[in-house]
Amino acid sequence: MTVNDIRPPATTAVHAGSPALTLNQVSLTLRRRGGAALRLVDDVSLTLGRGERLALVGESGCGKSVLARAILGLDRQIEVTGDILLGQQPLAGAGERRLRSVRGRRVAMVFQNPMGALNPLMSVGAQLTEPMRYRGVTGRAARAAAGALLSDLGIVDAARRLRSYPHEFSGGMQQRVALAMALAAQPEILLADEPTTALDVRAQEQVIALLDQVTRERGLSVLLISHDLSLVAGFADRVAVMYAGRIVHDDPVDAVFADPAHPYTRGLLSAVPRVDRAPGRLPAIEGTMPPPGRRPAGCAFHPRCPRRLDRCDQVVPLARPAPGGGAVACHLYDQTEQAERGALTPPSPAPNGGER
Amino acid sequence: MKGIAGYVSRRLASAALTLLLLSLVTFAMVKVIPGDEAHVAAGVTATPQQVAAMRSYLGLDRPWPAQYLTFLWHALHGDLGTSVSSHTSIAAGIGQVLPETIQLAGVGLVIMVAIAVPAAIASALRRRRASDAVVRAGVVVAAGLPTFWLALIAQLLLATDLRLFPISGEFSPHTSVPTVTGMSLVDALLADSPSLFWNGLCHLILPATVLALPFTAQLYRALRTEIIKVLDSEYIDAARAKGLGPARLMLRHVLPNAGGPAITVLGATVAMMIGSAVLVESVFGLNGIGAYLTQAVANSDRFAVIGGVLVIGAIIVAISFCVDLVQLIRDPRLRVLAAVS
Amino acid sequence: MALLVPGLPAARLNLRARLRSRLGAGSRWLDGLVLAVVALAVLLAVFGPLIAPGTVTTSNILDAMQAPSAHHWFGTDDQGRDVAWRIVAGARESLLSALLVVAGYSLIGCVIAAAAASGGKLVDEILMRLTDAVLAIPTIIFALGFAAALGPGLNSAIIALVITAWPVTARLLRGEIRQTLAMPYVAGARVLGMSRRRLLFRHILPNSLDALVVKWGADVGSTVLVITSLSFIGAGPQPPSPEWGAMVSEGANYITSSWWMALFPGLAIAVVAVAFALLADLIQERMAAGGER
């Protein structure tokens, strides 16, 4: 077994064929002792194409992490309704054995805290070769493969470092090791849950660059979860914005950054400081995101929205085609449809007089 | 590696210092306790001249530091003095009975681990409401039962009434085995007799279980708490996300990490078990160091008791040193701390 | 499961919180029971010998070996003495002496710990090795030695226990003190020029004593076990003392015929020991809950 046998050739055809991962009207409910059920994620539909990079952004608590974990079925007390399809294979509600065959081998996950993801008592080499056993690669071949993987990820003297323990690496290095561990069983899809949040800025850049390189080389589809929009800009093909358990906006990355369709996305972007603007007070979105169980009727964002309409507090907006080519769940875009159908009543003006 | 070698040698030096202090403490006890050693040694009916002669013979008229050094010198050479009651070597006497106690504690440890570890794993994994509270209550009760009372009750119910186990002794009456190591089970194996081994084992199970019970409860609690804490960790999450099965997860990831405090508890347990063994031995008629020492107490043979204290103390210091080494092997992070400190 | 659901203050999904809340809900009655038993035990310890009738120590062969009945709740022993009343009378020897022992070794342990923590590296090392040395001595065997020399009795048992038990307290307290010393607010206080003594008494000791207080509860229970064990083997209070361990020892001889002689005193020991252990648990829970607020 040589290094070349381990590294699959880079795919040139991006998004070819059927989607790698499909989520169709997925809802996640937490059943607590005492009967109370909490709806964490509501009616989420997403697709991840082959070789595509989808960024899932949102504030802490919007449900993005829960959603990613639900794909792998990591939290048994969370009820999953809807469909989660890996290619053609349904994952929602699958048994533990079936999920185990998928984890690592077809879908892998990288977590936020790199030190946390590594067993402090096992050598790095042992942890890397562990998932390889499921591919039938063991012993010397596995160690060689692990060493090659570490080198790929920029760790020098990889063969010797296999015997090192996690605490002997720095934070950025640990994240590389965690990434190597995720890639060890050659998955098709990588779920990256805030992989850079716990790192300093320089390490962040390095890890994202690394992620970019290795996923491109291996033709992986990537679901990148982050709350850092600037990080996402340079990496993702598409951005899905989550708010209070729902997907509110799903557009190609250029459209999201050039002219964001959803008011929430717009608010998020204007809150990011920019190099080409004079420093001053950053505009922040007023209010806070409601936690699960206390979400308002209608559009969950309406209390904070500068452009809300009358019906926003009654009717939950469905996903409509967005100007950028994706979808947006906002009543503002209902008008396009209505205008096309020739609505009888003109839409009422926004209560705070904001521009349409 | 150099750092670790330094740490180990420093631990050895500490252990040596501890043993030295132990000998000092025991010697001080002998001296401080009222009573004329010479008189006791010479016998109740001795004349004053005989007592004086005994005093100079035993070197009791020399200054204390000199006496201590002689005491230490002899102890290091394995001579713990002569028993005033039986007039035999104390070291030899202890050497005859100690293996039986060690065997009892050993079997007790095996039983303890065999019960506590699976129970802790099962309990940590299930965490169901009703059974959890019941088991917790049971554990507290088990830890609080007086060993000697439990021994009596067990003997009464299980051995005498229900006849499930033998009542006392190491073997059935009129059965014995040539003494090689002093441990009934090992000697039975050496004598190539499975039936004797089984006989000896049956006689040991009840006392060993009674001995181990309170400590089993402690180990179970410590281990269960640690396992629950570890199960909550992120690296277990990451390991599951790698697709690892429950067996591998538990054996290679959970237990090694949860084992730290448990190993420390095990080490401390051995010390306390040897103490408790005294009680169990007296109830079940086993001929271990407990019996030897109670006999010594009855004869006011303070040297024998001191000798016993010294020997057992030395064993315990050795065990705690070994526990430290085991922890070092288990957890590589400790090696870093050790090398630096 | 490092899953956090924000906005729900007490709803962390981890197991520790779940266990605690579960215990909190159903264990109200248990708390009450534990406190009641402990209070009863202490009352008996103090007033026991005063309320028990004088017949507790006198023989009455005519009544010997009677099974439990309405007249003698726990039966009578081989000397015709009522077992139940003897248990009441024996509470003082078994329990009060335990309290004395705990107080004694805690004091010594505190002194040693404070000395070790503030004395510099050499002092610390020597004291800690001394602690190790004494720790290595098995309590029961040492007490046997004491009994061999001083003659068996309550005094020798108490002294022996105090001598062998201080190391655990010393170790624990030294650890706590060192931890507290490492806290930022201590450095801050020193920078502000606080004297060492004031620092010690007003800040370090109070904060380090928390762990100790929890330990006291369980310690009393286990000390009762040790004292009774000692008298059982003959190194503690001797018959005709109504000390519970001695009672069990006497009862052992008649276990097959008059089982009540050994059963009830032992049961009393078990109940007291368990009650104190649960009390310690209770204290620990309350302290943890208080800290979180």
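The following paragraphs examine the structure supplied in this document.

Conventions used here
- Residues numbered from 1 in each chain as written.
- Chains lettered and ligands numbered in written order.
- Predicted model: local features only at pLDDT ≥ 70, side-chain atom pairs only at ≥ 80, totals over all residues.
- Helix = DSSP H or I, 4+ residues; strand = E, 2+ residues; numbered from the N terminus.
- Buried ≥ 20, exposed ≤ 12 C-beta atoms within 10 Å, placed from the backbone.
- Contact = placed C-beta atoms within 7 Å.
- Nonpolar A, V, L, I, M, F, W, Y, C, P; charged D, E, K, R; others polar.
- Axes fitted to C-alpha atoms, helices over the stretch in contact; angles between N-to-C directions.
- Parallel < 35°, antiparallel > 145°, perpendicular 65-115°, else oblique.
- Left-handed = near helix turned anticlockwise from the far one by under 90°.
- Core = buried A, V, L, I, M, F, W, Y, C linked by C-beta atoms within 7 Å.
- Domains from an automatic or database assignment.
- Pairing = 2+ DSSP bridges.

**A closer look at the overall build of chain A**
When helices and strands are tallied, chain A shows 12 helices and 12 strands. Here chain A holds 356 residues, and 45% of them are scored as buried. Looking at chain A alone, contacts between residues at least 24 apart form 65% of all its contacts between residues at least 6 apart.

**Considering the overall build of chain C**
When helices and strands are tallied, chain C shows 10 helices and zero strands. Reading chain C from its N terminus to its C terminus gives the helix and strand order α-α-α-α-α-α-α-α-α-α. When the 293 residues of chain C are sorted by exposure, 44% land in the buried category. Contacts in chain C between residues at least 24 apart in sequence constitute 66% of all its contacts with a sequence separation of at least 6.

**Structural notes on the interface of chain C and chain B**
Each partner contributes residues to the interface: chain C has 46 residues there, and chain B has 49 residues. Where the side of chain C that touches chain B is concerned, the elements lending two or more residues are helix H1 (15-26), helix H4 (121-135), helix H5 (139-150), helix H8 (196-233), helix H9 (244-252) and helix H10 (260-292) of chain C. By residue class, the composition of the side of chain C that touches chain B is 32 nonpolar, 10 polar and four charged.

**Some details on the packing of helix H3 (residues 83-118) of chain C against helix H6 (residues 154-181) of chain C**
All names here are of chain C. It is the contact of H3 with H6, at a shortest axis distance of 6 Å, that shows an interaxial angle of 40°. The orientation of H3 relative to H6 falls into the category oblique. Judged by the sense of rotation from one axis to the other, the crossing of H3 with H6 is right-handed.

**Some words on the environment of Asp232(B)**
Along the chain, Asp232(B) falls in the loop between helix H9 (194-231) and helix H10 (234-241). Asp232(B) gets classed as partly exposed once you count the C-beta atoms within 10 Å, which come to 15.

**A look at the nonpolar core**
Leu149(A), Ala180(A), Leu223(A), Tyr243(A), Ala151(B) and Ala143(C) are the most contacted members of the largest nonpolar core, which has 262 residues in total. When residues are assigned to domains, this core turns out to be shared by domain 1 (1-85 + 303-341) and domain 2 (90-298) of chain B, each giving three or more. If we skip the residues at most four places from it in the chain, Ala143(C) touches Ala157(C), Ala160(C), Leu161(C), Leu230(C) and Ala235(C). By size, the runner-up hydrophobic cluster in this structure holds five residues, among which are Met183(B), Leu185(B), Ala188(B) and Leu196(B).

**Brief notes about the sheet that holds strand S1 (residues 21-31) of chain A**
If you trace the four strands from one edge of the open sheet to the other, you get S2-S1-S4-S5 (chain A), paired in antiparallel fashion. With partners counted over all chains shown, the strands left at the sheet margins are strand S2 (37-48) and strand S5 (89-90) of chain A, one partner each.

**A closer look at the sheet that holds strand S8 (residues 221-226) of chain A**
Residues and elements named next belong to chain A. One open sheet accounts for eight strands, arranged S6-S7-S8-S3-S9-S10-S12-S11; its pairing is mixed. The sheet is open, and its two edges are formed by strand S6 (107-110) and strand S11 (320-321), each paired on a single side. Relative to S8, strand S7 (residues 189-193) runs parallel, the two being bridged by five bridges. Bridge pairing links Leu190 to Val222 in S8.

**Describing unusual backbone geometry**
Trans peptide bonds make up the majority, and among non-glycine residues the majority have a negative phi. If you check the backbone angles, Asp43(A) has positive phi at about 55° while not being a glycine. With respect to the element layout, Asp43(A) can be found in strand S2.

**Let's talk about helix H11 (residues 263-270) of chain A**
The set of residues buried in H11(A) consists of Pro263(A), Tyr264(A), Thr265(A) and Leu268(A). For H11(A), the secondary structure elements touched by its buried residues are helix H9 (229-233), strand S9 (238-243), strand S10 (246-252) and helix H10 (253-258) of chain A.

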